[in-house]
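Chain by chain, the residues:
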Amino acid sequence: MEALEAILTRRSTRKYTEQMPERELIEKIIEAGRYAPSGSNSQKTHFIIFSDKELLTELAGIVQGEFAKMEITDDMYVSLKGSINAAKKGGYVFYYGAPVLIVVANRKGYGNAMADSACALENMMVAANALDLGSCWINQLHWLDDNSTVRAFLEQYGLLKEETITGGLIIGYPVNGVPERTMTERKGNPVTWVEVK
Ligand SMILES: Cc1cc2nc3c(=O)[nH]c(=O)nc-3n(C[C@H](O)[C@H](O)[C@H](O)COP(=O)(O)O)c2cc1C
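Let me begin by describing the structure that accompanies this report.

The rules we used
Residues numbered from 1 in each chain as written. Predicted model: local features only at pLDDT ≥ 70, side-chain atom pairs only at ≥ 80, totals over all residues. Heavy atoms only, no water. Core = buried A, V, L, I, M, F, W, Y, C linked by side-chain atoms within 4.5 Å. Buried < 20%, exposed > 50% of the residue type's maximum accessible area, 1.4 Å probe, protein only. Helix = DSSP H or I, 4+ residues; strand = E, 2+ residues; numbered from the N terminus. Contact = heavy atoms within 4.5 Å. Near = heavy atom within 4 Å. Polar contact = N/O pair within 3.5 Å; in protein donor to acceptor, adjacent residues only side chain to side chain. Areas by Shrake-Rupley, 256 points an atom, 1.4 Å probe, with all protein chains shown as cover. Nonpolar A, V, L, I, M, F, W, Y, C, P; charged D, E, K, R; others polar. Phe/Tyr/Trp six-rings, centres within 6.5 Å; stacked < 30°, edge-to-face > 60°. Axes fitted to C-alpha atoms, helices over the stretch in contact; angles between N-to-C directions. Left-handed = near helix turned anticlockwise from the far one by under 90°. Pairing = 2+ DSSP bridges.

## Overview of the nonpolar core
The biggest cluster of nonpolar side chains holds 32 residues, and the ones touching the most others in it are Phe-50, Phe-67, Phe-94, Leu-101, Leu-141 and Leu-154. Only strand S1 (46-50), helix H3 (53-69), helix H4 (78-89), strand S2 (100-107), helix H6 (140-143), helix H7 (148-155) and strand S4 (163-172) provide two or more residues apiece to this core. Counting residues per element, this core draws most heavily on H3, which supplies seven residues. Leaving out residues up to four positions away in the same chain, Leu-101 has contacts with Ile-48, Ile-49, Phe-50, Leu-56, Leu-59, Phe-94, Leu-141, Leu-169 and Ile-170.

## Focus: the site of the ligand
Around the ligand lies a shell formed by Arg-10, Arg-11, Ser-12, Arg-14, Tyr-96, Cys-136, Trp-137, Ile-138, Asn-139 and Gln-140. Ser-12 is positioned with one of its side-chain polar atoms (N or O) 2.6 Å from an oxygen atom of the ligand. One nitrogen or oxygen atom from the side chain of Tyr-96 is found 2.5 Å from an oxygen atom belonging to the ligand. Taken by itself the ligand offers 620 Å² of open surface, and the protein chains cover 62% of this. Classifying every residue of the shell around the ligand by side-chain character gives four nonpolar, three polar and three charged.

## Describing the packing of aromatic side chains
Between two aromatic rings, the relevant description is the distance of the centres plus the angle of the planes. Overall, the coordinates contain six aromatic pairs when judged by the stated rule. Aromatic pair Phe-50 and Phe-153: ring centres 6.1 Å apart, planes at 25 degrees, arrangement stacked. A residue pair is termed long-range when its members are at least 10 positions apart, and Phe-50 in strand S1 and Phe-153 in helix H7 qualify at 103 residues. There is no split in this pair, since Phe-50 and Phe-153 are both buried. Three or more aromatic residues joined by ring pairs form one cluster here, namely Phe-50, Phe-153 and Tyr-157.

## Quick notes on the packing of helix H2 (residues 23-34) against helix H5 (residues 113-130)
Their axes nearest at 7 Å, the elements H2 and H5 cross at an angle of 145 degrees. Crossing handedness for the pair H2 and H5: right-handed. Residues Ile-29, Ile-30, Ala-32 and Gly-33 of H2 lie in contact with H5, whose contacting residues are Ala-120, Asn-123, Met-124, Ala-127 and Ala-128. Split by residue class, the contact of H2 with H5 holds seven nonpolar, two polar and no charged.

## Section: the environment of Gly-39
Topologically, Gly-39 is positioned in the loop between H2 and S1. Looking at Gly-39, the relative accessible area reads 17%, which means it is buried. Considering only alpha carbons, one finds Gly-39 and Asp-116, 77 residues apart in sequence, at a separation of 6.7 Å. Those residues in contact with Gly-39, other than ones at most four positions away along the chain, are Tyr-110, Asn-112 and Asp-116.

## Looking at the pairing of S2
Counted residue by residue, S2 has seven buried out of eight residues, so it is predominantly covered. With five bridges connecting them, S1 and S2 associate as antiparallel partners. Counted as the bridge partner of Phe-50 is Leu-101 from S2. With eight bridges joining them, S2 and S4 adopt antiparallel strand pairing. By the bridge assignment, Asn-106 is partnered in S4 with Thr-164.

Coordinates in, geometry out; function isn't part of it.
In structure tokens, the structure reads:
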């Protein structure tokens, strides 16, 4: 698939089969993330790949339990409120049962931590689309970055104490066979052309 087509047809996929993508495809997606630009070429974005079903189920249980303890406040993002409400109901699986979850982290206190991570995440989402895999940015672990139970779990699997969880990505084979690719009209993201008279 040509690069611009992969960018313009990338959509979030939230329904996956249990089929594990081939290791080579996962590696290509990680490579796309690692080749993203970074401020001062710092290359501090850290990719922690979970593909073990039992570990993912354990993590989902921890996330559900920690969100369920939280109280909703007015200043919270709508989607964070949604996660807390879903967790309080029970059976909340923040990664939609995808076979692979990539946790993305970067250095605490580094001013470009989120920007560098976002570049990597977008590269990976576009790469997944080009490889006929579905993907979706998953933010719940970022919201739980300060949560000691979540951190204790992730630190067993490579998250460093000096890292902040900036985001996450799920990948897998979409239930429909191919990734969601419907292009939606852009009504937001305004563009201002400065015309010199
Ligand atoms: C910073 C960021 C955080 C997001 N967090 C989540 C999330 O936690 N769960 C989810 O299902 N989608 C998440 N998304 C996906 C957005 O909902 C999605 O990109 C948006 O609705 C546009 O749809 P599209 O990706 O299909 O074009 C996130 C996207 C971004 C950029």
